[in-house]
Protein chains: 2
Amino acid sequence: MRSGPDASTIASLISDPSRAAILTVLMDGRSHPAGDLAYAANIKPQTASFHLAKMLEVNVVSLEKQGRHRYYRIENIEIAKALETLLAISPQPKVKSFKQVTENENLRFARTCYDHLAGKLGVKLMDALVDKGYIIEESNEILITKEGEIFLELFDIPLDIVRKKRRSFVHKCLDWSERRHHLAGALGHELFERFFELQWIERMEKTRAIRITSAGRKGLNELLSITL
Amino acid sequence: MRSGPDASTIASLISDPSRAAILTVLMDGRSHPAGDLAYAANIKPQTASFHLAKMLEVNVVSLEKQGRHRYYRIENIEIAKALETLLAISPQPKVKSFKQVTENENLRFARTCYDHLAGKLGVKLMDALVDKGYIIEESNEILITKEGEIFLELFDIPLDIVRKKRRSFVHKCLDWSERRHHLAGALGHELFERFFELQWIERMEKTRAIRITSAGRKGLNELLSITL
DNA sequence: TCCATATTTCGATGATAGTCGAATTATTTA
DNA sequence: TAAATAATTCGACTATCATCGAAATATGGA
């Protein structure tokens, strides 16, 4: 006898490799036009259209039309979380080309996990914040300290902005590449955005991998003693 | 171009309704013999065998042989978490029988989420612990207070036992029926076990729904002012 | 207005995967 | 030891689903 929600409904949407590829692209937290998603998933536009319609129907993705362009994005953070959870338990793929090795390394170094930083950089960021005493990991949970509040203020991340966010404020997110936790929640997101503003990090073409700039290396080192 | 882990690998295992049903049964955190899983999923034993072999191959489930019986269980808490995440974003099923309504209500009231209590009771438990000041939800994270430590000591849950657990100590788990958080982690698990010892809760037949005993209603009311 | 581009819609095809009957294997029980 | 029970293995069948070619629709630009 089967009662309660059925895990297979959403899982069957993710189970197709082309759809999984599309969703993985969308894990960068941005909207992408249908044509780009088709290209990224290595399928024809009509196939992508078919898949996107399926995901749109059950609110896994949302759609925004701009002229001839249809921009799709992941519907909400819960969907993104489910995806990241799945990625964390998925086996690493076999490497088939030098190009894939490079991109894999780039992803492992730093990438978007929907709206915050993941990968080695994301984990290092969290470790540094702990080392500096700006956040504490007590009873396996995370709090911002007084010093941390001062730090955020100086770093132009006013705490009230962070706290106003409705969702999870500070929490850990299991990182598929590091197998440790990186910083997520509103704080993770605000830091992510701030690093962009300062041009300490930038997006790489055609991937959700993130590149750190030389200014970023310098800044993260001076500010948080992060060496990369 | 596709790099990094592929979400479709694990998702494709969950995408089959029969396998999803099996995994949902296994969310009660216990081992179940293959025959029972076949019955619960409403498939023939040979079909169940085929599905279980697939899941065993990629370490979604693990196997323990006892004589003619093959007991399967969910491999680890990460798999369980991925499942619960998927369930939280899955649409509620259409109800087709009175029996299903009843079981659905039972699941909503209280059920196992792998190794801790979920449902209305699970959420109420967490709320009560907060109301009593035994845990605090600060900056959206959870800590045990001094009063909470005393409470746990008196309730025969020594803190060192809780802290010895390697995994998450105290955290929140999004509940698919309540759309709020219930208590998870080592503390959630220890309370779950303690309620069993005291016979405040008991398992129901053929479902992962949990029944509260009259002793449990009394005990939870006296101890934590929980009214049900 | 016509052409180019982005995207969707439709239909047919081929591959895949879940299912069960039959048979076999493994273990327990009388 | 034979019979019963639990479970697996094998093979054939059928239904489903992803794919692409073709065509149609929607929008932008010259």
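As shown above, the structure is provided for reference.
Criteria and cut-off values
Residues numbered from 1 in each chain as written. Chains lettered and ligands numbered in written order. Predicted model: local features only at pLDDT ≥ 70, side-chain atom pairs only at ≥ 80, totals over all residues. Heavy atoms only, no water. Pairing = 2+ DSSP bridges. Helix = DSSP H or I, 4+ residues; strand = E, 2+ residues; numbered from the N terminus. Contact = heavy atoms within 4.5 Å. Axes fitted to C-alpha atoms, helices over the stretch in contact; angles between N-to-C directions. Buried < 20%, exposed > 50% of the residue type's maximum accessible area, 1.4 Å probe, protein only. Near = heavy atom within 4 Å. Polar contact = N/O pair within 3.5 Å; in protein donor to acceptor, adjacent residues only side chain to side chain. Salt bridge = Lys/Arg side-chain N within 4 Å of Asp/Glu carboxyl O. Nonpolar A, V, L, I, M, F, W, Y, C, P; charged D, E, K, R; others polar.

(A) Region of interest: the sheet that holds strand E2 (residues 61-66) of chain A. All names here are of chain A. With antiparallel pairing, the 3 strands of this open sheet are ordered in space as E1-E3-E2. The sheet is open, and its two edges are formed by strand E1 (32-33) and E2, each paired on a single side. With 2 bridges joining them, E1 and strand E3 (residues 69-74) adopt antiparallel strand pairing. Note on E3: the bridge partner recorded for proline 33 is tyrosine 71. On the sheet, helix H4 (residues 45-57) packs against E2 and E3 and is oriented at approximately 115° with respect to E2.

(B) Structural context of the environment of Ala40(A). Residues and elements named next belong to chain A. Assignment of secondary structure puts alanine 40 in helix H3 (residues 34-41). Judged by its relative accessible area of 18%, alanine 40 is buried. Along the backbone, alanine 40 and arginine 211 are 171 residues apart, and their C-alpha atoms lie at a distance of 19 Å.

(C) Highlighting the protein's contact with DNA strand C. Residues in contact with DNA strand C amount to 22 residues; listed here are only the nearest, Ser49(A), Tyr72(A), Ser18(B), His51(B) and Arg68(B). Counting only atoms of DNA strand C within 4 Å of the protein, the fraction found in sugar and phosphate groups is 75%. Interatomic distance of 3.4 Å between a side-chain N/O atom of His69(A) and a sugar or linking oxygen of DNA strand C. Separating a phosphate oxygen of DNA strand C from a side-chain N or O atom of Thr47(B) is a distance of 2.9 Å. Of all the secondary structure elements, the ones that give two or more residues to the surface near DNA strand C are H3, H4 and E3 of chain A together with helix H2 (17-26) and helix H4 (45-57) of chain B.

(D) Highlighting the sheet that holds strand E3 (residues 69-74) of chain B. Residue and element names in this part refer to chain B. The 3 strands lie next to each other as E1-E3-E2, forming an open sheet whose pairing is antiparallel. Strands at the two margins of the open sheet, each flanked by one partner only, are strand E1 (32-33) and strand E2 (61-66). Those strands touched by H4 are E2 and E3, and its axis lies near 115° from that of E2.

(E) Structural detail: unusual backbone geometry. For Asp156(A), which is not glycine, the phi dihedral falls at a positive 65°. Along the chain, Asp156(A) falls in the loop between helix H8 (146-154) and helix H9 (159-164). What makes Asp156(A) exposed here is its relative accessible area of 53%. Backbone geometry places Asn42(B), a non-glycine residue, at a positive phi of 65°. Residue position: Asn42(B) is located in the loop between helix H3 (34-41) and H4.

(F) The arrangement of the pairing of strand E8 (residues 171-174) of chain B in detail. Residue and element names in this part refer to chain B. Bridge analysis of E8 against strand E9 (residues 181-184) gives 4 bridges, and the strand direction is antiparallel. Along E9, the bridge assignment pairs lysine 172 with leucine 183. The antiparallel hairpin formed by E8 and E9 contains 6 residues in its connecting segment, where arginine 179 sits at a positive phi of about 55°.

(G) Structural detail: the pattern of salt bridges. Following the criterion strictly, the structure yields 12 salt bridges over all chains and no others. Residue Arg194(A) pairs with Glu197(A) through a salt bridge whose shortest N-O separation is 2.7 Å. Separated by 3 residues within a single helix, Arg194(A) and Glu197(A) lie in helix H10 (residues 185-197), roughly one turn from each other. On the basis of relative accessible area, Arg194(A) is assigned to the buried category, the value being 14%. Judged by relative accessible area, which is 57%, Glu197(A) ranks as exposed. Between Glu202(B) and Arg211(B) there is a salt bridge whose closest N-O contact spans 2.9 Å. A residue is classified by how much of its surface remains accessible, and Glu202(B), at 33% relative accessible area, is partly exposed.

(H) Focus on the protein's contact with DNA strand D. Taken together, 22 residues are adjacent to DNA strand D, and Ser18(A), His51(A), Arg68(A), Ser49(B) and Tyr72(B) come closest. The sugar-phosphate portion of DNA strand D accounts for 75% of its atoms within 4 Å of the protein, the bases making up the rest. Thr47(A) has a polar side-chain atom sitting 2.9 Å from a phosphate oxygen of DNA strand D. Listing elements by their share of the surface near DNA strand D, those giving two or more residues are helix H2 (17-26) and H4 of chain A together with H3, H4 and E3 of chain B. Ranked by the residues each element gives to the surface near DNA strand D, the list is headed by H4(A), at 5 residues. For the surface near DNA strand D, a count of residues per class yields 6 nonpolar, 9 polar and 7 charged.

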